[in-house]
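Given next are the chains, with one letter for each unit.
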Amino acid sequence: MKLLIKFILLYGLLFASAYAENTPPSAEKAATKSPAQQMDRDSVCTRCHDENDKTPVLTIYQTPHGNKADSRTPSCQGCHGESEKHISSKTNSPDVIFGIKKGAYSASDAKDQNTACLTCHEKDQNRTHWQGGAHQVADIACTSCHQSHAAHDKVRDKRTQPDVCFTCHTDQKAQVRKFSHHPIGEGKVACSDCHNPHGSAGPKLLKKNTVTETCYTCHAEKRGPYLWEHQPVTEDCATCHTPHGSNITPLLKSRPPFLCDECHDGPHASISPVAGNAAGMQGGLSPTLPSESFTGRACMNCHSMVHGSNDPAGALLQR
Ligand code: HEC
Ligand code: HEC
Ligand code: HEC
Ligand code: HEC
Ligand code: HEC
Ligand code: HEC
Ligand code: HEC
Ligand code: HEC
Ligand code: HEC
Ligand code: HEC
């Protein structure tokens, strides 16, 4: 028990000192205040905004921001601004109004909203690439995805996250409902398992630098190394697969043999339904294949190791 307490204390100290290195300006002042004093700061606003407000405001105390024992957390004014004019007369808007909903006053520009959040969150590791990222460039507000007063922030829960993204990304909404799909609707895989919505060094806000590296995070077995590699597999999984959904299982962009013939140009052209004539036969390579070889798993009936082979005799990816 003593050990546990020691551990917690030590951890707390480490945490506090790690934080001290990049203390945001607005939290610096707060650092000297006790939880009671912190609550007191909120009373400037909570004397009017209490449990009688139309939309629940005090639920913020059920979120990490409302944890007054943590001196780094913002007061009401830490996010909404000092808002002195609003306090003196309700006809004036507070300094920062979040969200896209219009209430008594119109919402602030996305840029001003985000500045309020970024005073504390810009240095977080996950937001290093926010500036210049697709969402920042498109003027999307932090609060288009995050809800600060709600006890349950939908976008940070795997099961409810897709609904938040789908409000804008309707193409992906349709794709994940196709016959073959990553189990996103089922709540097992989240958009944020592959994407960092805050920005990234890779393409399409992917968490890793390439599509293939992103896929390897879960499908590690496809990384190999293989004795016999299949060139497109090491280059880009998305050559053959679509990440969100497809009606051709498993997540394929087109149906074999067509998928394969895009590059291989009917190596067994004598019977290939694609080329369909003897002219495509290459140097006696094409064996006489029964046409049912092109139904079912098509090319994979014989070339079953399409991602690569470790069999000494697997040069043609057939074992
Ligand atoms: C003297 C009472 C009073 C004080 C103090 C006060 N407000 Fe308000 N506030 C109001 C009233 C009244 C409204 C209009 C509410 C409405 O019509 O829904 C309002 C509206 C707001 C809104 C917009 C709500 C919406 O629906 O769009 C925000 C945000 C807000 N206040 C934040 C604050 C913050 C932050 C503070 C402290 C810095 C604060 N208020 C202090 C009375 C007050
Ligand atoms: C005064 C500093 C400050 C401001 C301003 C601020 N935050 Fe935070 N935020 C924090 C702290 C401290 C935490 C807790 C971090 C931790 O536990 O590691 C936090 C946590 C979070 C979390 C994670 C919550 C969780 O469950 O772990 C989210 C999401 C977040 N903030 C979003 C925002 C957004 C959006 C805004 C602007 C509307 C904002 N923050 C403004 C300090 C701030
Ligand atoms: C497009 C939607 C979206 C936008 C816009 C967005 N976030 Fe997030 N945010 C997320 C998702 C999704 C997660 C959960 C990520 C995870 O679990 O890996 C998250 C997590 C967080 C967290 C907690 C975990 C962490 O990454 O540290 C913080 C803090 C946070 N966001 C702050 C912000 C701030 C500040 C902004 C605005 C500059 C912002 N977010 C804009 C979707 C968004
Ligand atoms: C972490 C930043 C943050 C802090 C701290 C914060 N708010 Fe907010 N506030 C927001 C955001 C973001 C919204 C938009 C609605 C939402 O995300 O839940 C909002 C909305 C509101 C609204 C409008 C209600 C609505 O749903 O339209 C009022 C009123 C309000 N806040 C008052 C307060 C008061 C009073 C405090 C202190 C107890 C406070 N806020 C603390 C970020 C914050
Ligand atoms: C299994 C990983 C994975 C998951 C989960 C995932 N994505 Fe993607 N997403 C990708 C990859 C990879 C690309 C790039 C595709 C390409 O290059 O062809 C992409 C591209 C995108 C694009 C850009 C599309 C374009 O044509 O430019 C959007 C928007 C997108 N994803 C949104 C989402 C949303 C919303 C979710 C959750 C519902 C989601 N993604 C879940 C991997 C994923
Ligand atoms: C408020 C609307 C909105 C929400 C919510 C939203 N996005 Fe976006 N997203 C955009 C816009 C606008 C763009 C840039 C234009 C485009 O590519 O469609 C974008 C672009 C993207 C891209 C493509 C980046 C590129 O380089 O082409 C991805 C991936 C993406 N969003 C993922 C997500 C994920 C994941 C979520 C949920 C966590 C989400 N978005 C929530 C509006 C939104
Ligand atoms: C976050 C983990 C994760 C990442 C990252 C990931 N996958 Fe998956 N993938 C899964 C899960 C979970 C399944 C479902 C497995 C099951 O149902 O047995 C799956 C299934 C698949 C399937 C089979 C689909 C079917 O209909 O049977 C393919 C193909 C696939 N993933 C390709 C990819 C590609 C390509 C990428 C990179 C763009 C990728 N995956 C990234 C977790 C992931
Ligand atoms: C040349 C086209 C092609 C490329 C490139 C490709 N795949 Fe596949 N993948 C297929 C085909 C075809 C199948 C179906 C195999 C079958 O039916 O035997 C498949 C099946 C899968 C499956 C489900 C069955 C299994 O083997 O686990 C996963 C997961 C998968 N691929 C992941 C990946 C990943 C990850 C990458 C990138 C590293 C990738 N694929 C690159 C063609 C490709
Ligand atoms: C994006 C182009 C592309 C696609 C699509 C593609 N391949 Fe390949 N494939 C290649 C390349 C490049 C090589 C290496 C050729 C070489 O080394 O001469 C190769 C090699 C092979 C080999 C080994 C034979 C050899 O000459 O080395 C077989 C078998 C093969 N592919 C089968 C398939 C099958 C089956 C599919 C469909 C699931 C497919 N390929 C899809 C580009 C592709
Ligand atoms: C019934 C089994 C079978 C099927 C089905 C089959 N192949 Fe082959 N494939 C072979 C055999 C056997 C060889 C080697 C022939 C030889 O060495 O004479 C071969 C050779 C190849 C080669 C290397 C030679 C070359 O011409 O470049 C490629 C590439 C290839 N097949 C691709 C495909 C594609 C693409 C499909 C689907 C359209 C397919 N195969 C369907 C059995 C098959």
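Everything numeric in this text was worked out from a predicted model, so none of it was measured.

### As for the overall build of the protein
- Broken down by element type, the protein carries 14 helices and four strands.
- The buried share among the 319 residues of the protein stands at 30%.
- Contacts in the protein between residues at least 24 apart in sequence constitute 44% of all its contacts with a sequence separation of at least 6.
- Here the protein has roughly 21,000 Å² of accessible surface; of this, 58% comes from carbon and sulfur atoms.

### Overview of the site of ligand 3
- The environment of ligand 3 is formed by 18 residues, the closest being N126, C142, C145, H146 and H198.
- Within the side chain of R127, one N or O atom sits 2.9 Å away from an oxygen atom of ligand 3.
- If you list the elements that add at least two residues to the shell around ligand 3, you get helix 6 (110–121) and helix 8 (142–145).
- Per-element tally for the shell around ligand 3: the top contributor is helix 6, with three residues.
- Partitioning the shell around ligand 3 into residue classes produces nine nonpolar, seven polar and two charged.

### Some thoughts on the coordination of the iron atom of ligand 8
- Every protein donor of the iron atom of ligand 8 is accounted for by H241 (NE2) and H307 (NE2), and the metal-donor separations fall at 2.0 Å.
- Around the iron atom of ligand 8 sit six donor atoms, and with donor-metal-donor angles ranging over 88 to 179° the site reads as octahedral. Of the two residues, H241 is situated in the loop between helix 13 (231–235) and strand 3 (245–246) and H307 in the loop between helix 14 (258–264) and strand 4 (308–309); the sequence distance between them amounts to 66 residues.

### Comments concerning the confidence of the model for the protein
- Summing up the model confidence of the protein, the mean pLDDT is 84 and the portion of residues at 70 or higher is 80%.
- Scored below 50 in pLDDT, residues 1–31 makes 17 contacts in the model with residues more than four places away or belonging to other chains.
- Predicted confidence for residues 270–287 stays below pLDDT 50, and this span has 25 contacts to residues more than four positions away or in other chains.

### Quick notes on helix 6
- With 12 residues, helix 6 extends 16 Å from end C-alpha to end C-alpha; this agrees with the ideal 16 Å at 1.5 Å per step.
- All of the buried residues in helix 6 are A110, Q113, N114, A116, C117 and L118.

### Details of the side chain of Q161
- Its place among the elements puts Q161 in helix 9 (residues 161–166).
- Overall, the relative accessible area of 7% leaves Q161 in the buried class.
- Among the polar contacts listed, one links the side chain of Q161 to the backbone nitrogen of C191, at a separation of 3.0 Å.

### Quick look at the pattern of salt bridges
- Here the structure, examined in full by the defined rule, presents seven salt bridges.
- One salt bridge in this structure joins K68 and D42, with 3.3 Å as the shortest N-O distance. On the criterion of sequence distance, the pair formed by K68 in the loop between helix 3 (35–46) and helix 4 (76–80) and D42 in helix 3 is long-range, its members being 26 residues apart.
- Here K68 falls in the buried class, since its relative accessible area comes to 7%.
- We classify D42 as buried; its relative accessible area is 3%.
- For R72, the salt bridge identified is with D70, shortest N-O distance 2.8 Å.
- The exposure class of R72 is partly exposed, given its relative accessible area of 27%.

Thresholds applied
Per chain, residues are indexed from 1 in the order of the written sequence. Ligands are numbered from 1 and chains lettered from A, in the order in which they are written. Residues qualify for local features only when their pLDDT is at least 70, as the model is predicted, and side-chain atom pairs are given and counted only at 80 or more; totals for whole chains, interfaces and linings, by contrast, use all residues. Side-chain calculation: all heavy atoms of the structure are included, whereas hydrogens and water are not. Only DSSP runs of H or I covering at least 4 residues are called helices, and only runs of E covering at least 2 are called strands; the numbering of each starts at the N terminus. With a 1.4 Å probe rolled over the protein chains alone, any residue whose accessible area is under 20% of its type maximum counts as buried; one over 50% counts as exposed, and the rest are partly exposed. What makes two residues a contact is simply this: any of their non-hydrogen atoms within 4.5 Å. Shrake-Rupley sampling with a 1.4 Å probe provides the accessible areas, and residues are treated as covered by the protein chains on show and by no other component. Neighbouring residues are identified by heavy atoms, a residue being near a molecule or strand if any of them is within 4 Å of it. Distance and chemistry together define a polar contact, namely a pair of N or O atoms within 3.5 Å, with one atom able to donate a hydrogen and the other to accept it when in protein, and with adjacent residues in sequence counting only for side-chain atoms on both sides. Basically, the charged four are Asp, Glu, Lys and Arg, the nonpolar ten are Ala, Val, Leu, Ile, Met, Phe, Trp, Tyr, Cys and Pro, and anything else, Gly included, counts as polar. Here the term donor refers to an N, O or S atom within 2.8 Å of the metal (or 3.2 Å for Na, K and Ca), and because water is left out of the atoms, sites may appear incomplete. Labels for metal geometry use angle windows, namely 85 to 135 degrees for all angles of a four-donor tetrahedral site, and for square planar (four donors) or octahedral (six donors) sites opposite donors over 155 degrees apart plus all others within 65 to 115; sites meeting none of these are irregular. The predictor attaches a confidence to each residue, and that confidence, scored 0 to 100, is pLDDT. Expected helix span is taken as 1.5 Å per residue step, with the number of steps being one fewer than the number of residues. Within this document, salt bridges are pairs made up of a side-chain nitrogen of Lys or Arg and a carboxyl oxygen of Asp or Glu, the two lying within 4 Å of each other.

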